[in-house]
Amino acid sequence: MKSFGYAAESKTSALAPFHFERRELGPKDVAVAIDYCGICHSDIHQVRDEWGGSVYPMVPGHEIAGRVTAVGSEVTKFKAGDLAGVGVTVETCMVCENCKAGAEPYCTKGMVGTYNAKSYEGEMMQGGYSDNIVALEHYVYSISPKLDLAAVAPLLCAGITTYSPLRHWKVGPNKKVGVVGLGGLGHMGLKFAHSFGAHVVQFTTSESKIADAKKLGADEVVISKDADAMAKHKGSFDFILDCVSAPHDINAYLNLLRLDGAICLVGLPDQPVATSPFALVTNRRSLSGSMIGGMKETQEMLDYCAEKNIVSEIELIGYDRIAEAYERVVKGDVKYRFVLDGKTLKGQG
Ligand code: NAP
Ligand code: ZN
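Enquirer: Any details on the overall build of the protein? Residues and values, ideally.
Expert: Counting its secondary structure elements, the protein contains 11 helices and 19 strands. On C-alpha atoms alone, the protein measures out to a radius of gyration of 20 Å, which is about the 20 Å that the 2.2 N^0.38 rule sets for 349 residues. Principal axes of the C-alpha set define a box for the protein whose edges measure 55 × 40 × 40 Å. The burial tally for the protein puts 56% of its 349 residues in the buried class. Long-range pairs, those at least 24 residues apart, make up 66% of the contacts in the protein with a sequence separation of at least 6. When the accessible area of the protein is evaluated, it comes to approximately 14700 Å², of which 53% is carbon and sulfur surface. Computing the positive centroid from 36 side-chain charges and the negative centroid from 41, the protein places the two 4 Å apart.

Enquirer: Residues and numbers for empty space enclosed by the protein, please.
Expert: Gaps between atoms show up when a probe of the same size as a water molecule is rolled over them. Using the criterion set out here, one finds 1 cavity of 30 Å³ or more in the structure. Counted as a void, the largest cavity has a volume near 50 Å³. Taken together, Gly 87, Val 88, Thr 89, Tyr 141, Leu 156, Ile 160, Ile 292, Gly 293, Met 295 and Thr 298 form the lining of the largest cavity. Taken together, the residues of the lining of the largest cavity sort by class into 6 nonpolar, 4 polar and no charged.

Enquirer: Before we move on, could you go through the layout of surface pockets and cite the residues and values that matter?
Expert: As a volume, the second largest pocket reaches approximately 290 Å³. As for the second largest pocket, its lining consists of 18 residues, and the residues nearest its centre are Ala 103, Tyr 106, Ser 164, His 168 and Glu 297. Elements with a minimum of two residues in the lining of the second largest pocket: helix H4 (158-168) and helix H10 (295-308).

Enquirer: Pulling in residues and values, what's your account of the coordination of the zinc ion (ligand 2)?
Expert: Bound to the zinc ion (ligand 2) on the protein side are Cys 40 (SG), His 62 (NE2) and Cys 157 (SG), at distances that span 2.0 to 2.2 Å. Site description for the zinc ion (ligand 2): donor spacing in sequence, C-x21-H-x94-C. Of this pair, His 62 sits in the loop between helix H1 (41-47) and strand S4 (64-71) while Cys 157 sits in the loop between helix H3 (149-152) and H4, placing them 95 residues apart in sequence. Considered together, His 62 and Cys 157 belong to a single accessibility category, that of buried residues.

Enquirer: Outline the pairing of strand S18 (residues 314-317), supporting the account with residue identities and numerical values.
Expert: Pairing of S18 with strand S19 (residues 337-341) involves 4 bridges; the strand directions are parallel. What sits directly across from Glu 315, in S19, is Phe 338. Handedness of the β-α-β unit built from S18, helix H11 (residues 322-330) and S19 comes out right-handed.

Enquirer: Could you give an account of the nonpolar core, with specific residues and numbers?
Expert: One finds Val 152, Leu 166, Val 171, Phe 192, Phe 239 and Met 301 to be the most contacted residues of the largest nonpolar core, which totals 52 residues. Contributing elements (two or more residues each) for this core: H3, H4, strand S12 (176-180), helix H5 (184-195), strand S15 (237-242), strand S16 (257-265) and H10. In terms of residues, this core owes the most to one element, H10, which gives 6 residues. Taken domain by domain, this core gets at least three of its residues from each of domain 1 (2-156 + 313-345) and domain 2 (159-289). What Phe 239 contacts, discounting residues up to four positions off in sequence, is Pro 165, Leu 166, Trp 169, Val 171, Lys 176, Val 177, Gly 178, Leu 257, Ala 262 and Cys 264.

Enquirer: Describe the pattern of salt bridges, listing the residues and the values that go with them.
Expert: Under the definition given, this model contains 18 salt bridges. Here the salt bridges share partners, and the residues they tie into one network are Arg 23, Asp 29 and Glu 123.

The rules behind these values
- Residues numbered from 1 in each chain as written.
- Chains lettered and ligands numbered in written order.
- Predicted model: local features only at pLDDT ≥ 70, side-chain atom pairs only at ≥ 80, totals over all residues.
- Heavy atoms only, no water.
- Helix = DSSP H or I, 4+ residues; strand = E, 2+ residues; numbered from the N terminus.
- Rg over C-alpha atoms; globule rule 2.2 N^0.38 Å.
- Buried < 20%, exposed > 50% of the residue type's maximum accessible area, 1.4 Å probe, protein only.
- Contact = heavy atoms within 4.5 Å.
- Areas by Shrake-Rupley, 256 points an atom, 1.4 Å probe, with all protein chains shown as cover.
- Lys, Arg positive; Asp, Glu negative; His and termini not counted.
- Charge placed at Lys NZ, Arg CZ, Asp CG, Glu CD.
- 1 Å grid on protein atoms, 1.4 Å probe; cavity = no way out; pocket = protein on both sides within 12 Å on 5 of 7 lines; lining within 4 Å.
- Points joined across faces, edges and corners; volume = space filled by probe spheres on them.
- Nonpolar A, V, L, I, M, F, W, Y, C, P; charged D, E, K, R; others polar.
- Donors = N, O, S within 2.8 Å, 3.2 Å for Na, K, Ca; no water.
- Pairing = 2+ DSSP bridges.
- Right-handed = clockwise from strand over helix to strand, strands pointing away.
- Core = buried A, V, L, I, M, F, W, Y, C linked by side-chain atoms within 4.5 Å.
- Domains from an automatic or database assignment.
- Salt bridge = Lys/Arg side-chain N within 4 Å of Asp/Glu carboxyl O.

Interpretation note: all reported values are geometric properties and have no functional meaning in isolation.
Structure below.
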């Protein structure tokens, strides 16, 4: 299938218009015309090869929302015209114990990412900064027409990546929960933790985000550079979700956990995390991580968002502004997710 989008040719080149081919529609495949694609910080890490092993040309993008244009002969969940989303995972083995438990991102054979990855059949996968995508039905989600489609796109990564650990650690009423970093992931973590009924404290390095954090559901906002403000929360949190994209001091947050409290990393800085054993053994604390979420859980999250009217706060931009958007994301200057408008691709190809 012919596709057109924006690709990086190397870790230093700007994204530029790119024609490429995807596989033809197979019996279990769904073809989706892409209306919107979010810009995740993981796109930037991979375009710039900050995690190593990046493969070019690379069409990034795994927060994909659009409309079904065609379905394969064995597809039952979708028909042409349906609203649909594709996220970070597009293939897993489906038979290992993790896949069977609905934890497909932890597939023991290795999950195939939406881009910068090869399918089990050897197809080089390309992402959602493009006009269409072909994906197996199992990795395509239904989207409610009740929600603004552009603002739904970031739910496919930022949404599920924060929803899943908050559910896993049973965040809810009578729990004190921290969210570190008010970016794309962080603002969704804040919205979900608030919606689940927890007492939520937003940690940020940006004084300019205090008012927004309160509007988005924070009961308290702490400027993480303020040692006195941090000290007031010592030993008091049940759970902290760390959504920061750059190296930072994790011990400052470990010290805020109460007995049996846990911090979960979803942010993926390109440097090892230095932890103080004393900060861990005190209060029997846990340090853990979480990757996106399973397919069933992703649909559950989208349905929850439709029911509760939860979407991402977005800045909708044209494809000509990707470079500017990347610079601003890296500076922590986005409120709170850039989304590419597919209409601006038309006529370019
Ligand atoms: P983002 O929008 O850039 O948000 C990151 C936030 O971290 C910023 O808004 C900023 O918040 C804070 N921050 C940035 N630099 C900092 C620094 N040097 N020190 C302290 N705080 C800093 O990024 P995102 O798209 O939410 O992604 C966040 C991270 O999650 C990325 O590393 C991404 O690759 C990773 N990720 C992981 C998964 C997963 O499955 N685990 C999925 C998606 C993304 P403040 O201004 O509030 O301080
Ligand atoms: Zn992402």
